[in-house]
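These are the residues of each chain, in order.
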Amino acid sequence: MKAKTIAIAVVAIAVGIQFVPYGKDHTNPPVMSEPQWDSPRTQELFNRACAACHSNETKYPWYSNVAPVSWLLARDVDEGREHFNVSMWGIQKKNEAKDAAKEVREGSMPPWFFLPTHPEARLSSTEKQELISGLEKTFGKEEEEEGEEK
């Protein structure tokens, strides 16, 4: 009897959270401005591996309509655009573009949890190097921290 009550509660919660609106608005803001890419190849690689969260051209998959996944996806896109958004180039005050190459080099971007559902974002080692080089040419290199050797 207790297991049945727990199962009913779990189902009720799963259905109930579907009515929370956060993460269900799949409209993209307009593209206001874009950077001058160093090459079409850099732009292509960026679009494959980064643009889903770092541009205003997010393509929302079917599962982005199912909570709590919709909440996580909305949070990731909001945060990605807040830090670095190529669709607001020169307009958005905070744009951490110089960190982009470092994030890719260190394996922080794209994040591990993004790759299983976005296999196109999985870059070969050659593509990864091409993207890093192109990001540095397009946006510059990250400032060296004090105490680091040049």
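**So, the confidence of the model for the chain**
1) Next: Summary statistics for the chain give a mean pLDDT of 89 and a share of 93% for residues scoring 70 or more.
2) Next: Note on residues 145-150: pLDDT is under 50 here. Beyond four places in sequence and across chains, it has 2 contacts.

**Overview of helix α4 (residues 69-83)**
1) Next: Given a rise of 1.5 Å per residue, 15 residues ought to cover 21 Å, and the 21 Å separating the end C-alpha atoms of α4 matches this to within 8%.
2) Next: Of all the residues in α4, the buried ones are Ser 70, Leu 73, Ala 74, Asp 76, Val 77, Gly 80 and Arg 81. Along the axis of α4, the buried residues cluster in a sector spanning 165°; they form a single face.
3) Next: Its buried side turned inward, α4 meets α3 (51-54).

**Some details on the nonpolar core**
1) Next: The biggest cluster of nonpolar side chains holds 21 residues, and the ones touching the most others in it are Trp 37, Phe 46, Phe 84, Val 86, Leu 131, Leu 135 and Phe 139.
2) Next: Every element with two or more residues in this core is listed here: α2 (40-49), α3, α5 (100-105) and α6 (125-139).
3) Next: Per-element accounting of this core gives the leading share, 4 residues, to α6.
4) Next: Once residues within four sequence positions are removed from consideration, Leu 135 is found in contact with Trp 37, Thr 42, Phe 46, Ala 100, Ala 101, Val 104 and Gly 140.

**Notes on the pattern of salt bridges**
1) Next: Scanning the model with the defined rule gives 8 salt bridges in all.
2) Next: The salt bridge partner of Glu 44 is Arg 41, with a shortest N-O separation of 3.0 Å. With a gap of 3 residues between them, Glu 44 and Arg 41 both fall in helix α2, about one helical turn apart.
3) Next: Assessed through its relative accessible area of 38%, Glu 44 is described here as partly exposed.
4) Next: Put simply, Arg 41 and Glu 127 hold a salt bridge, and the shortest N to O gap is 3.7 Å. Of this pair, Arg 41 sits in helix α2 while Glu 127 is found in helix α6, placing the two residues 86 residues apart along the sequence.
5) Next: Overall, Arg 41 belongs to the partly exposed group, its relative accessible area being 29%.
6) Next: Here the salt bridges share partners, and the residues they tie into one network are Arg 41, Glu 44, Arg 48, Glu 127 and Glu 130.

**So, the side chain of His 118**
1) Next: With respect to the secondary-structure elements, His 118 resides in the loop between α5 and α6.
2) Next: Exposure remark for His 118: the relative accessible area of 12% places this residue in the buried category.
3) Next: A polar atom in the side chain of His 118 sits 3.0 Å from the backbone oxygen of Phe 114.

**Describing the packing of α2 against α6**
Between two packed helices, what matters for the description is the angle formed by their axes and the separation of those axes.
1) Next: Packing of α2 against α6 brings their axes to within 9 Å, and their N-to-C directions diverge by 115°. The angle between α2 and α6 falls in the class roughly perpendicular. α2 and α6 meet at a crossing whose hand is left-handed. Along its contact with α2, which presents Arg 41, Thr 42, Leu 45, Phe 46 and Arg 48, the element α6 presents Glu 127, Glu 130, Leu 131, Gly 134, Leu 135 and Thr 138.

Reading guide: rules and limits
Residues numbered from 1 in each chain as written. Predicted model: local features only at pLDDT ≥ 70, side-chain atom pairs only at ≥ 80, totals over all residues. Heavy atoms only, no water. pLDDT = per-residue confidence, 0-100. Contact = heavy atoms within 4.5 Å. Helix = DSSP H or I, 4+ residues; strand = E, 2+ residues; numbered from the N terminus. Expected span 1.5 Å × (residues − 1). Buried < 20%, exposed > 50% of the residue type's maximum accessible area, 1.4 Å probe, protein only. Arc of directions from axis to C-beta. Core = buried A, V, L, I, M, F, W, Y, C linked by side-chain atoms within 4.5 Å. Salt bridge = Lys/Arg side-chain N within 4 Å of Asp/Glu carboxyl O. Polar contact = N/O pair within 3.5 Å; in protein donor to acceptor, adjacent residues only side chain to side chain. Axes fitted to C-alpha atoms, helices over the stretch in contact; angles between N-to-C directions. Parallel < 35°, antiparallel > 145°, perpendicular 65-115°, else oblique. Left-handed = near helix turned anticlockwise from the far one by under 90°.

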